[in-house]
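Geometric and topological summary
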Amino acid sequence: ANASTIVIANTMASQSIAGFTTTGTVTVNKASGLATLTGNVITKNLTLTSGQLALGANNLTVTTGPISGGSTSCYIVINSASTGTLIQNVGSSVIFPIGSSTTTTDYCPATFTNTGTAQNLAVRVLTYTNGSIACVNKQWYVQAQNNTAVIFSVITLNWNSSINEINSFHTLKTTHAVDLGTNKNGGTSYDLIQQFSSIASATYTLTSSHSFSNISGTENIYFGIVQNTALPVELSTFTANTNERTI
């Protein structure tokens, strides 16, 4: 480990970054090209100025933070086919400047506020497809790194309205924020988190506190945005009337 400031600024079309640990700051400031991690990186601070840093199958951990910068032209790339995550300690409001590809329109950052015990959260954004259901074709994966409850008082998810809203998704229609759970790609059963009669353009913000007590280890959450779909309902009682032979 070292305490130096490490600047990723090479202008090559592609650049590989071996894994390392630093108690200093990593700055991404690339005029062009893509930097890709080939090992896990742990840094005290991260500054995003220009360019993109792809994680591949590796984790990028920011131990102090919060991350400085982040925009459509400078963010952490987490390819849907990879398993890498961006890890930050989340207590107060913390933004994860992430996207699922190097295409700048795929910049889909997420912001979390945890009023439970502050702890590291591993986050990535993935492509979500589900037949003809109106939805946002992105899902946000969250995994707690400690075995304590996470209480999200605020969650804000952002996407690109021109390309991520599919199958006649419309912000003025009733919209469900859901935990996709094990049906994270193609399932039709969800756990409802919050329902809205409408949402702001390309933004979802959870406004009531929700506790998630089991999202560590092999458990996790896949947050998704769907609409015009029947959520599972369990009937405890019902009343019926007879009409000749028909109930």
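On a predicted model such as this, the values are computed, not experimentally measured, just so you know. (Residues numbered from 1 in each chain as written. Predicted model: local features only at pLDDT ≥ 70, side-chain atom pairs only at ≥ 80, totals over all residues. Heavy atoms only, no water.)

Before going further, it helps to examine empty space enclosed by the protein. For the structure shown, the criterion picks out 1 cavity of 30 Å³ or more. Taken as a whole, the largest cavity holds about 40 Å³ of empty space. In terms of lining residues, the largest cavity is bounded by I8, I17, F20, V26, L37, V41, L46, L53 and L60. Of all the secondary structure elements, the ones that give two or more residues to the lining of the largest cavity are β3 (20-37) and β4 (41-54). Looking at the lining of the largest cavity residue by residue, the class counts come to 9 nonpolar, no polar and no charged. (1 Å grid on protein atoms, 1.4 Å probe; cavity = no way out; pocket = protein on both sides within 12 Å on 5 of 7 lines; lining within 4 Å. Points joined across faces, edges and corners; volume = space filled by probe spheres on them. Helix = DSSP H or I, 4+ residues; strand = E, 2+ residues; numbered from the N terminus. Nonpolar A, V, L, I, M, F, W, Y, C, P; charged D, E, K, R; others polar.)

With respect to the helices and strands, Q52 occurs in strand β4. There is a polar contact of 3.1 Å between the side chain of Q52 and the side chain of Y75. When sequence neighbours within four positions are dropped, the list of residues in contact with Q52 reads V28, K30, L34, A35, Y75, V77, T102 and T104. (Polar contact = N/O pair within 3.5 Å; in protein donor to acceptor, adjacent residues only side chain to side chain. Contact = heavy atoms within 4.5 Å.)

In this structure the tally under the stated criterion is 7 aromatic pairs. Where Y75 meets Y107, the ring centres are 5.1 Å apart and the plane angle is 35 degrees; that geometry is what we call tilted. Here Y75, found in strand β7 (residues 74-77), pairs with Y107, found in the loop between β10 (98-99) and β11 (110-114); they are 32 residues apart in sequence, far enough to count as distant. Among the residues examined, Y75 registers a relative accessible area of 0% and is labelled buried. Taking the relative accessible area as the measure of exposure, Y107 reaches 14% and is therefore buried. For the ring pair F152 and F223, a centre distance of 6.3 Å and an interplane angle of 65 degrees mean the geometry is edge-to-face. Of the two residues, F152 sits in strand β15 (residues 150-158) while F223 sits in strand β21 (residues 221-227), which places them 71 residues apart along the sequence. A residue is classified by how much of its surface remains accessible, and F223, at 2% relative accessible area, is buried. Following the ring pairs from residue to residue traces out a cluster consisting of F96, F112, F152 and F223. (Phe/Tyr/Trp six-rings, centres within 6.5 Å; stacked < 30°, edge-to-face > 60°. Buried < 20%, exposed > 50% of the residue type's maximum accessible area, 1.4 Å probe, protein only.)

For a regular strand, side-chain orientation follows a simple rule: the groups alternate between the two sheet faces. Summarising burial for strand β8 (residues 86-90): 4 of the 5 residues are buried, a large majority. The pairing of strand β5 (residues 60-62) with β8 spans 3 bridges and is classified as parallel. Across the sheet, the residue bridging to V62 is Q88, located in β8. Sheet analysis places β8 next to strand β12 (residues 119-127), joined by 5 bridges and oriented antiparallel. Across the sheet, L86 pairs through a bridge with V123, a residue of β12. (Pairing = 2+ DSSP bridges.)

This brings us to the pattern of salt bridges. Applying the stated criterion across every chain, the model contains 1 salt bridge. Between D106 and K138 there is a salt bridge, with the nearest N and O atoms lying 3.3 Å from each other. In this pair, D106 is assigned in the loop between β10 and β11 and K138 in strand β14 (residues 138-144), connecting sequence segments 32 residues apart. A residue is classified by how much of its surface remains accessible, and K138, at 4% relative accessible area, is buried. (Salt bridge = Lys/Arg side-chain N within 4 Å of Asp/Glu carboxyl O.)

Let's shift gears to unusual backbone geometry. G65 connects to P66 through a cis peptide bond whose omega is 0 degrees. Within the element layout of this structure, P66 appears in the loop between β5 and β6 (68-69). The backbone phi angle of N167 is positive, close to 55 degrees, even though this residue is not glycine. Its place among the elements puts N167 in the loop between β16 (165-166) and β17 (175-179). The backbone phi angle of S168 is positive, close to 65 degrees, even though this residue is not glycine. Secondary-structure assignment places S168 in the loop between β16 and β17. Owing to a relative accessible area of 59%, S168 belongs among the exposed residues under this scheme.

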